[in-house]
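# Understanding the architecture of this molecule
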Amino acid sequence: MNRRWILGIGLLIVLYVLFNAGQIVSYGDRDELREADAAIVLGAGVTGTEPSPVFRERIRHGIWLYENGYVKALIMTGGYGDGAVCSESRAAREYAVLQGVPEEDIYIEEQSRITQENMYYARKLMEEHGFKDALIVSDPLHMKRAMRMAADYGITAYSSPTPTTRFVSLRSKLPFLAREVFFYIGYKMLYDHRWYSFGAVFPFSSSAALYTDNPLPYNR
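Residues numbered from 1 in each chain as written. Predicted model: local features only at pLDDT ≥ 70, side-chain atom pairs only at ≥ 80, totals over all residues. Heavy atoms only, no water.

## Considerations on the overall build of the chain
Along the backbone of the chain there are 6 helices and 7 strands. Residue burial in the chain is summarised as follows: out of 220 residues, 49% are buried. For the chain, contacts bridging at least 24 residues in sequence account for 72% of all contacts bridging at least 6. Counting only carbon and sulfur atoms, one obtains 56% of the accessible surface of the chain, whose full area is about 11,300 Å². (Helix = DSSP H or I, 4+ residues; strand = E, 2+ residues; numbered from the N terminus. Buried < 20%, exposed > 50% of the residue type's maximum accessible area, 1.4 Å probe, protein only. Contact = heavy atoms within 4.5 Å. Areas by Shrake-Rupley, 256 points an atom, 1.4 Å probe, with all protein chains shown as cover.)

So, in structure tokens, the structure goes:
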């Protein structure tokens, strides 16, 4: 393979990465605010029994959707991180209850560790409780990947990015964007293989450790 071919392939890879980065950034501005049965709030880490600053803003947005009549229920997602004493979803529920949301309107799943599993277990809760559609709540730069996963799991979902995201400065946005580009492209590559088990798509956390997406620490 001569040098021109190598340069050409390298250029195509760069263009592909930039194209995906552009999609992720532009999608973050899409707010499909409307009434839905539930809001799915994606986990983002805990410290002890308290939601991380990033997670707290997502929860607050979910609470706002509930209080303003856009959703009838909140689905909090997220299991136990390494060494955690409290699951992300349980911490989120406790926070929302303290803010006045009735506990009976909050549903949690404590099995997930990555975004794809968030969607899988959230869908199971939706099926169990008869929810037909949902608003997906996460940070703007996370929305493109989250919405694709929601669609892949058969969730009728609408984008509702957190307006008070902690990823505000360029210093905090760029690492998050780079991470999302990596995971988004990785997810598309893996999903194209159509991994199935008994006819249903299952999470890849055990089979694709490279794409485990633990939340980034917040750095302004």
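From this point, the discussion proceeds with the structure in view.
## Re helix H3 (residues 88–98)
Glu88, Ser89, Ala91, Ala92, Arg93, Tyr95 and Ala96 are the residues of H3 that are buried. Close packing links the buried residues of H3 with strand S2 (46–47), strand S3 (50–51), helix H2 (53–67), strand S4 (71–76) and strand S5 (106–108). Just downstream of H3, Gly100 is the residue with a positive phi angle, here 105°.

## Section: the nonpolar core
Counting 31 residues, the largest nonpolar core has Ile59, Ile63, Val71, Leu74, Met76 and Val101 as the members making the most contacts within it. Looking at this core, the elements that each hand over two or more residues are helix H1 (3–27), strand S1 (36–41), H2, S4, H3, S5, strand S6 (133–137) and helix H6 (170–191). Here Leu74 is in contact with Ala39, Gly62, Ile63, Tyr66, Val101, Asp105, Ile106 and Tyr107, once residues within four sequence places are set aside. By size, the runner-up hydrophobic cluster in this structure holds 24 residues, among which are Tyr27, Phe131, Met143 and Ala157. (Core = buried A, V, L, I, M, F, W, Y, C linked by side-chain atoms within 4.5 Å.)

## Some points on the packing of aromatic side chains
Following the criterion strictly, the structure yields 6 aromatic pairs and no others. Where Trp64 meets Tyr70, the ring centres are 5.6 Å apart and the plane angle is 20°; that geometry is what we call stacked. Overall, Trp64 belongs to the partly exposed group, its relative accessible area being 37%. Owing to a relative accessible area of 25%, Tyr70 belongs among the partly exposed residues under this scheme. Here the aromatic rings of Phe167 and Phe176 are separated by 4.2 Å at their centres, their planes lie at 40°, and the arrangement is tilted. One aromatic cluster is present, formed by Tyr120, Tyr121 and Tyr153 through successive ring pairs. (Phe/Tyr/Trp six-rings, centres within 6.5 Å; stacked < 30°, edge-to-face > 60°.)

## Considering the confidence of the model for the chain
Taken over all residues, the pLDDT of the chain has a mean of 87, while the share at 70 or more is 86%. Predicted confidence for residues 193–220 stays below pLDDT 50, and this span has 56 contacts to residues more than four positions away or in other chains. (pLDDT = per-residue confidence, 0-100.)

## Side note on the pattern of salt bridges
Two side chains carrying opposite charge are able to pair once their charged atoms lie near each other. The tally for this structure, following the rule as stated, stands at 9 salt bridges. Put simply, Arg123 and Glu127 hold a salt bridge, and the shortest N to O gap is 3.7 Å. Note that Arg123 and Glu127 are positioned in helix H4 (residues 115–129) at a spacing of 4 residues, about one turn of the helix. Arg145 is the salt-bridge partner of Glu180, the closest N and O atoms lying 2.8 Å from each other. Of the two residues, Glu180 sits in helix H6 while Arg145 sits in helix H5 (residues 143–152), which places them 35 residues apart along the sequence. Here Arg145 falls in the buried class, since its relative accessible area comes to 2%. (Salt bridge = Lys/Arg side-chain N within 4 Å of Asp/Glu carboxyl O.)

## Quick word on the pairing of S6
Within S6, 5 of the 5 residues are buried, leaving the element largely enclosed by the surrounding structure. Taking every second residue as pointing to the same face, both faces of S6 are buried, with Asp133, Leu135 and Val137 on one and Ala134 and Ile136 on the other. Summarising the sheet, S1 and S6 pair through 4 bridges and their orientation is parallel. The residue of S6 that forms the bridge with Ala39 is Leu135. One ladder, built from 4 bridges, connects S6 with strand S7 (residues 156–159); its direction is parallel. Bridging from a neighbouring strand, Ala134 pairs with Ala157 of S7. Taking the sense of rotation as the criterion, the β-α-β connection linking S6, H5 and S7 turns out right-handed. (Pairing = 2+ DSSP bridges. Right-handed = clockwise from strand over helix to strand, strands pointing away.)

## Some thoughts on the packing of H1 against H5
Closest axis-to-axis distance for the H1/H5 pair is 8 Å, and the angle between their directions is 90°. Between H1 and H5, the crossing angle belongs to the class labelled roughly perpendicular. Side by side, H1 and H5 meet where Gln23, Ile24 and Tyr27 of the first sit next to Met143, Lys144 and Met147 of the second. Within the contact of H1 with H5, the residues separate by chemical class into 4 nonpolar, 1 polar and 1 charged. (Axes fitted to C-alpha atoms, helices over the stretch in contact; angles between N-to-C directions. Parallel < 35°, antiparallel > 145°, perpendicular 65-115°, else oblique. Nonpolar A, V, L, I, M, F, W, Y, C, P; charged D, E, K, R; others polar.)

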